[in-house]
Amino acid sequence: MGRILTMNHKEIISDLEKKLFHPVYFLCGEEPYYIDLITASIEKSVLDETEREFNQFVFYGRENNLATVLDAAYRFPMMANYQVIIVKEAQDLKDLFPRKKDKGKDDDDLLLSYLDKPQKTTVLVFCYKYKTLDMRTSVAKKLAKSAVLFESKKLYDKQIPGWIENYLKDKGLIIGHKALALLTEYLGNDLSKISNELDKLMINIAPPSEITVNDIEQNIGISKDYNVFELHDALGSKNAEKAMRIINYFASNTKDNPFVVSMGALYSYFSKLFIYHTLKDKSQNNVAASLGVSPYFVKDYISAAKVYSMPSLQKAIHILKEYDLKSKGLGNTSMNEADLYKELILKLVYLDKVVLEEVGKEAN
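A quick note: this is a predicted structure, and the numbers were derived from the prediction, not measured.

Trainee: Where do I start with the side chain of Asn 219 in this structure?
Mentor: Along the polypeptide, Asn 219 turns up in helix α10 (residues 213–219). On the accessibility criterion, Asn 219 (17% relative accessible area) is buried. Within the local environment of Asn 219, its side chain forms a polar contact with the side chain of Asn 204, the two groups lying 2.8 Å apart. A distance of 2.8 Å separates a polar atom in the side chain of Asn 219 from the backbone oxygen of Asp 215. With residues near it in sequence (within four places) discarded, Asn 219 still touches Lys 200, Leu 201, Asn 204 and Ile 205.

Put into structure tokens, the structure is as follows:
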């Protein structure tokens, strides 16, 4: 029974909660969060606390081989209905997949043999992180038929806001648009980090409630006034005073506001403004989809695009690349992160003046 296309992580966990266990789980993919989530559910669901001591074993791919793992898997549980064998770092098991003989036949097919007749009282879990399987291989085809084969796919950046909303919705909470943008900007696309911060946030917020920027500042420590999101707003409205106030805060707190992270956020912002200028269809829904932002923020990009012309945005992106190199020591021998922050923002705020000066130089 092929499961890679028919079972998502919620369905797998639902089965586990119903005590519907399968002999083999092969959890692979670029996103480790769901692999860890399913593994944790298996650890919690199959055995009770007293049974785990004698019937739950963890192997690491770098330290073991497949023969050792399967030898343990073939054993019977002790005073329990099941035993659980978890192989972490399974991608490092050198003998996990069959080698090919010269004539093209499979050799050392230990896993294939086990899948033909798995030990029914063993729940064997392979945590094959950061890689996917070639579904044309004999092992992948066998896993799809005889095991729970789950691929944990990495989310695109534009999918993160929706993921956060759904995560909170499952807990009975909603989040405001500005608070959502702030979290997305600062937490990136590491789902494990995001879920940890959201869990921290929910300790002091009972459902049903709406999470606000004040909640984020108080529980996660991201300033509601001095953040990249507010910096975008200041730059988008050419509010030099506000932009410099925020950047001075960043410059005095570079540990919490690393230059490289802010650079990435600014590059993303100006790139989206550039993309906006290229769009023929400037309807709200198309702009939101093309830029990968919430429809709620489309008006902010439309407003900022009126302030920054295409030549200005081209220059902004060039400046950002220049200062990225300077932050890495190229063409810079004396400026620290605080100095780079201040000089960069001044150039971005007075971008039109910089562009006009360069046009004048070229004319002369």
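Picking up after the structure, the text goes on.
Trainee: I'm lost on the nonpolar core in this one. Help?
Mentor: Note that soluble globular proteins tend to have their nonpolar side chains buried in a common cluster. Core analysis: the biggest nonpolar cluster contains 90 residues, and Tyr 25, Trp 163 and Phe 270 have the highest contact counts within it. The element that contributes the greatest number of residues to this core is helix α13 (residues 259–278), accounting for eight residues. Not counting residues up to four positions away in its chain, the partners in contact with Trp 163 are Tyr 33, Tyr 34, Leu 155, Leu 191, Ile 194, Ser 195 and Leu 198. Within the second largest apolar cluster, 28 residues are counted, among which are Val 24, Ala 72, Leu 96 and Leu 143.

Trainee: I'm lost on the pairing of strand β6 (residues 122–129) in this one. Help?
Mentor: Two faces make up the sheet, and in a regular strand the side chains alternate between them. Most of β6 sits inside the fold, with eight of its eight residues counted as buried. Inspection of the sheet shows strand β1 (residues 24–29) paired to β6 by six bridges, in the parallel sense. Pairing of Cys 28 across the sheet is with Tyr 128, part of β6.

About the criteria used
- Residues numbered from 1 in each chain as written.
- Predicted model: local features only at pLDDT ≥ 70, side-chain atom pairs only at ≥ 80, totals over all residues.
- Heavy atoms only, no water.
- Helix = DSSP H or I, 4+ residues; strand = E, 2+ residues; numbered from the N terminus.
- Buried < 20%, exposed > 50% of the residue type's maximum accessible area, 1.4 Å probe, protein only.
- Polar contact = N/O pair within 3.5 Å; in protein donor to acceptor, adjacent residues only side chain to side chain.
- Contact = heavy atoms within 4.5 Å.
- Core = buried A, V, L, I, M, F, W, Y, C linked by side-chain atoms within 4.5 Å.
- Pairing = 2+ DSSP bridges.

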